[in-house]
Amino acid sequence: MKKVITIVVIVALMGLMAFRLYSNKQKNAEEVAIVAQKEAQVAVRAAKVTEEKVADLFTANGTFVAEQDLNVSSEVGGQVIKIYVKEGDFVRAGQVLAQTKADRTNVQLDNAKAVLETAKSDLKRFESAYQTGGVTAQQLEQARLQLKNAQANYNSAAIVSGDTAVRSKINGIVTSKEVEEGTLVSAGQTLFNVVNIDNLKLKITVDESQVGELKVGDVVKIKPSTSSELVEGKITFIAPKSNGALKFPVEILVANKDKKLKAGMYATAQFGSGNDEVTALVVPHSAFVGSVSQNKIFKIVSSKNAKGQEVLKAEMANVKSGRNFGDKVEIISGLTVGEEVITSGQINIDNGTPVKMCNNCTIYLNIKISPSASKRISREGFFIWVSS
């Protein structure tokens with residue numbers, strides 16, 4: 001009898017444990033489903049498309065490049081036997097920067113010189129013999145031709161021999177030295193880089209609505225990123241056709257005698273007087289996905305889900321951007337006044353992603369994983385909770 005009671009108790013306990021495990025599993029599954037449903041909406045910040053009065057001043061960002069940037073190469077192959085400069089040295093056009101081994105080229109020059117002297121002697125003998133009828137006019141002409149060929153070969157050998165001196169072609173500063181003494185180099189191999197930053201070119205791009213307002217020779221105000229002072233530049237080039245992003249490349253020459261500006265620095269060119277105001281459709285600069293030149297913005301649209309509930313979704317809009325007004329950019333087409341555009345959180349969304357506007361909230365991670373739900377959550381991924 002006791003044995004039967006014991007078996008009944010054990011079976012009852014096992015049944016109770018199985019029921020509790022099943023209940024916990026179902027409860028955890030429901031919790032995960034609720035979290036997943038809530039967090040299907042990605043938190044983003046947004047701003048309205050507005051129509052504002054702005055100054056007719058527009059800006060364009062760009063990078064300074066050296067007006068002269070030259071790679072100095074060896075014109076002949078050989079071993080570098082002497083280097084006369086180091087990085088940072090100022091050099092002048094024609095200055096010797098390095099010397100390659102000239103033994104082989106000197107031998108060729110000596111051989112060419114010997115052939116030239118022989119040809120000169122032969123011509124003198126043939127001219128004397130021609131006067132006495134010892135040679136024909138044809139033989140005399142052939143001797144003259146041999147002298148001409150020998151002279152050409154000697155000149156060529158002399159040029160090659162002189163090419164063992166590696167010279168700078170411009171005034172400038174040595175920015176890099178690619179070889180050391182003893183290095184074996186080939187003809188055409190770059191040995192040094194020399195740049196002249198007495199004048200810099202600011203390379204920018206403008207759109208079609210702006211390029212018509214510019215002309216070569218215009219004086220432009222430029223604000224370097226490293227200084228609060230404005231400098232003047234002159235437009236020297238306007239591209240006759242647009243690039244792949246429908247922008248027109250423009251180059252502005254800036255005098256840099258004091259060498260304060262460096263190639264590679266960023267700067268902003270300012271166009272227009274700024275005295276007049278115009279009405280423009282604008283969005284925050286941060287609304288653009290990637291760069292402004294890509295002309296892509298996520299706007300927020302309302303739609304209904306499978307249950308008929310209204311939800312907000314991100315929709316990619318292809319726009320046409322215009323002038324740059326600092327932290328705002330003109331929109332020529334693709335958006336209308338009052339539409340909401342996403343200004344933060346674009347990296348987490350795609351076209352059609354459900355979103356939740358959260359302009360005044362703190363976003364933080366709050367991950368809670370129970371043992372029985374860990375596998376399920378690992379498949380679903382991490383969830384971001386949003387607290388208003």
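Reading the values: rules and limits
- Residues numbered from 1 in each chain as written.
- Predicted model: local features only at pLDDT ≥ 70, side-chain atom pairs only at ≥ 80, totals over all residues.
- Heavy atoms only, no water.
- Helix = DSSP H or I, 4+ residues; strand = E, 2+ residues; numbered from the N terminus.
- Contact = heavy atoms within 4.5 Å.
- Areas by Shrake-Rupley, 256 points an atom, 1.4 Å probe, with all protein chains shown as cover.
- Buried < 20%, exposed > 50% of the residue type's maximum accessible area, 1.4 Å probe, protein only.
- Core = buried A, V, L, I, M, F, W, Y, C linked by side-chain atoms within 4.5 Å.
- Pairing = 2+ DSSP bridges.
- Salt bridge = Lys/Arg side-chain N within 4 Å of Asp/Glu carboxyl O.
- Polar contact = N/O pair within 3.5 Å; in protein donor to acceptor, adjacent residues only side chain to side chain.
- Lys, Arg positive; Asp, Glu negative; His and termini not counted.
- pLDDT = per-residue confidence, 0-100.

## Topic: the overall build of the protein chain
Part 1 of the reasoning: Tallying secondary structure elements over the protein chain gives five helices and 23 strands in all.
Part 2 of the reasoning: The long-range share in the protein chain, meaning contacts at least 24 apart out of those at least 6 apart in sequence, stands at 72%.
Part 3 of the reasoning: In the form shown here, the protein chain has an accessible surface area of approximately 23700 Å², with 53% of it arising from carbon and sulfur atoms.

## Overview of unusual backbone geometry
Part 1 of the reasoning: Phi angles above zero are rare outside glycine, and K259 is one such case at about 65 degrees.
Part 2 of the reasoning: Position of K259 relative to the elements: it lies in the loop between β13 (248-255) and β14 (266-271).
Part 3 of the reasoning: Backbone geometry at N295 places phi at a positive 55 degrees, although glycine is not the residue there.
Part 4 of the reasoning: Accessibility expressed as a relative area gives 15% for N295, which makes it buried.

## Overview of the nonpolar core
As a rule of thumb, soluble globular proteins bury nonpolar side chains together.
Part 1 of the reasoning: Counting residues in hydrophobic clusters, the biggest one holds 24 residues, and the most contacted among them are I204, I222, I252 and F271.
Part 2 of the reasoning: Counting residues per element, the ones that place at least two in this core are β3 (58-73), β10 (190-206), β11 (219-224), β12 (231-238), β13 and β14.
Part 3 of the reasoning: Examining the composition of this core, we find that six residues originate from one element, β10, more than from any other.
Part 4 of the reasoning: If we ignore the near neighbours within four places in the chain, the residues touching I252 are L200, K201, L202, I204, V220, I222, G233, K234, I235, A269 and F271.
Part 5 of the reasoning: Within the second largest apolar cluster, 15 residues are counted, among which are V80, I83, V166 and L191.

## Examining the pairing of β3
It is a general feature of regular strands that their side chains alternate between the two faces of the sheet.
Part 1 of the reasoning: Relative to β14, β3 runs antiparallel, the two sharing six bridges. Along β14, the bridge assignment pairs G62 with A267.
Part 2 of the reasoning: Both β3 and β10 contribute to a ladder of ten bridges, which runs antiparallel. Following the sheet pairing, S73 is matched in β10 by T190.

## Some points on the environment of L202
Part 1 of the reasoning: Within the secondary structure layout, L202 lies in strand β10.
Part 2 of the reasoning: Judged by relative accessible area, L202 falls into the buried class, the value being 0%.
Part 3 of the reasoning: Through-space distance from the C-alpha of L202 to that of L253 is 6.5 Å; in sequence the pair is 51 residues apart.
Part 4 of the reasoning: Contact partners of L202, with chain neighbours within four places excluded, come to G62, T63, F64, I222, V250, E251, I252, A267 and A269.

## Re the sheet that holds strand β9 (residues 184-185)
Part 1 of the reasoning: With antiparallel pairing, four strands are arranged side by side in an open sheet as β7-β6-β4-β9. Both outer strands of the open sheet, β7 (165-167) and β9, are each paired with one neighbouring strand and no more.
Part 2 of the reasoning: The pairing of strand β6 (residues 96-100) with β7 spans three bridges and is antiparallel. Paired with A98 across the strands is V166, a residue of β7.

## Details of the pattern of salt bridges
Part 1 of the reasoning: Tallying each qualifying case throughout the model produces 14 salt bridges.
Part 2 of the reasoning: E52 is the partner of K328 in a salt bridge, and the nearest nitrogen-oxygen pair spans 2.5 Å. Of the two residues, K328 is situated in strand β19 (residues 328-333) and E52 in strand β2 (residues 50-55); the sequence distance between them amounts to 276 residues.
Part 3 of the reasoning: According to the relative accessible area criterion, K328 is partly exposed, its value standing at 26%.
Part 4 of the reasoning: For E52, a relative accessible area of 23% corresponds to the partly exposed category.
Part 5 of the reasoning: K320 is paired through a salt bridge with E208; the nearest N and O atoms lie 2.2 Å apart. With K320 in strand β18 (residues 320-325) and E208 in helix α4 (residues 208-211), the pair connects residues that are 112 residues apart, well separated along the chain.
Part 6 of the reasoning: Via salt bridges that share partners, K201, K203 and E251 belong to a single interconnected network.

## Examining the side chain of N193
Part 1 of the reasoning: You can see N193 is positioned in strand β10.
Part 2 of the reasoning: For N193, a relative accessible area of 12% gives the class buried.
Part 3 of the reasoning: In this structure the side chain of N193 is engaged in a polar contact, spanning 2.9 Å, whose partner is the side chain of D69.
Part 4 of the reasoning: Here the side chain of N193 touches L70 through a polar contact of 3.3 Å, landing on its backbone oxygen.

## What to know about the side chain of D207
Part 1 of the reasoning: Among the secondary structure elements, D207 is positioned in the loop between β10 and α4.
Part 2 of the reasoning: K247 is the oppositely charged side chain nearest to the buried, salt-bridge-free D207, at an N-O distance of 4.0 Å.
Part 3 of the reasoning: Ignoring any residue separated from it by four or fewer positions in sequence, one finds D207 in contact with L246, K247, F248, S321, G322 and R323.

## A closer look at the confidence of the model for the protein chain
Part 1 of the reasoning: Taken over all residues, the pLDDT of the protein chain has a mean of 81, while the share at 70 or more is 79%.
Part 2 of the reasoning: Mean pLDDT values for the elements of the protein chain range from 39 in helix α5 (residues 374-380) up to 96 in strand β5 (residues 90-91).
Part 3 of the reasoning: The low-confidence segment residues 32-38, where pLDDT is below 50, has eight contacts with residues more than four positions distant or belonging to other chains.
Part 4 of the reasoning: Counting contacts from residues 363-370, a segment whose pLDDT is below 50, to residues more than four positions away or on other chains yields 16 contacts.

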